[in-house]
Amino acid sequence: NSPAVQKELAVSEDKVEKLKDIATDARQEAQEKAQDAGIDYRGLRDLPEEEQAKKMAEYRTKSAEIQKTVNDTFMPKVAEILDKAQMTRLHEIAVQFAGPSALSDAGVVKDLGLSKEQQDKIAAIDKDFAGKMRGVPRAERMAKMTELRGEHLAKATEVLTKDQQAKFTEMKGKAFDLKQLQPPGGGRRRNRKSESK
């Protein structure tokens, strides 16, 4: 759905309209599934900190499952519109955009051949960094998240073997200016995962 991604992929105007329709349907399905799964981030603020952390972890797991289901449904439709080179580049940008959470994505885990032990270590690092975000005032959260993102990714990447690190770098492809994917004013994107772009 991002004009910057459309430009990077050199998508023709007629295809852009088709992709927008797919993105709208994907976003709607993800929202419906999240609602059905009882995911309500707004309700978290009234909970005690410990309960909040527990719920956040539960929501993250459910959200990842929903995203995978939605991607499995809609990415084949995207693949019917884009050619192989465009799909490859789209995936590279998606991996870059996901940052540290890319290493928890089922497809990336499979492609890199991450062991259960490695996945557990990465999950522990994710939890640690989520903990660092707790207590950060809402107004400072975006800046803090950006500050910690590089540190988080570096630490998670250390869990990988040299070969896996090389493959992960290859997966990301040529660097893409991720600032182009942020909404005006730095507001939160409703649909975080870039696969649905």
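As shown above, the structure is provided for reference.
Our subject in this report is the structure included herewith. All values derive from a computational prediction rather than experimental measurement.

Scoring rules and cut-offs
- Residues numbered from 1 in each chain as written.
- Predicted model: local features only at pLDDT ≥ 70, side-chain atom pairs only at ≥ 80, totals over all residues.
- Heavy atoms only, no water.
- Helix = DSSP H or I, 4+ residues; strand = E, 2+ residues; numbered from the N terminus.
- Expected span 1.5 Å × (residues − 1).
- Contact = heavy atoms within 4.5 Å.
- Polar contact = N/O pair within 3.5 Å; in protein donor to acceptor, adjacent residues only side chain to side chain.
- Salt bridge = Lys/Arg side-chain N within 4 Å of Asp/Glu carboxyl O.
- Buried < 20%, exposed > 50% of the residue type's maximum accessible area, 1.4 Å probe, protein only.
- Core = buried A, V, L, I, M, F, W, Y, C linked by side-chain atoms within 4.5 Å.

1. Overview of helix α4 (residues 84-98)
No. 1: Taking 1.5 Å as the rise per residue, α4 with 15 residues should run 21 Å; its terminal C-alpha atoms sit 21 Å apart, in good agreement.
No. 2: Check the buried side of α4 and you find it contacts α1 (3-9), α3 (49-81), α5 (106-112), α7 (138-157) and α8 (162-172).
No. 3: The opening residue of α4 is D83, an N-cap whose side-chain oxygen sits 3.1 Å from the backbone nitrogen of A85.
No. 4: Downstream of α4 by one or two residues, G99 has phi in the positive range, about 60°.

2. Some remarks on the pattern of salt bridges
No. 1: As enumerated under the stated definition, the model contains 11 salt bridges in all.
No. 2: The salt bridge partner of K174 is E8, with a shortest N-O separation of 3.7 Å. Remark: E8 occurs in helix α1 and K174 occurs in the segment after α8; sequence separation between them is 166 residues.
No. 3: The exposure class assigned to K174 is exposed, which follows from its relative accessible area of 57%.
No. 4: The class of E8 is partly exposed, set by a relative accessible area of 30%.
No. 5: Of the charged contacts, one joins K68 and D72 as a salt bridge, the two residues approaching to 2.8 Å between their closest N and O atoms. Separated by 4 residues within a single helix, K68 and D72 lie in helix α3, roughly one turn from each other.
No. 6: Judged by its relative accessible area of 43%, K68 falls in the partly exposed class.
No. 7: Taking relative accessible area as the criterion, D72 reaches 48% and is therefore assigned partly exposed.
No. 8: Each of E8, R89, E92 and K174 takes part in a single network of salt bridges with overlapping partners.

3. Focus: the nonpolar core
No. 1: Membership of the largest hydrophobic core comes to 25 residues, with the highest contact counts inside it found for V5, V78, L82 and L90.
No. 2: Elements with a contribution of two residues or more to this core: α1, α2 (13-36), α3 and α4.
No. 3: The residues contacting V78, other than those within four sequence positions of it, are L19, I22, M87 and L90.
No. 4: In terms of nonpolar packing, the next biggest core, distinct from the first, is built from 18 residues, I125, M133, L148 and V159 among them.

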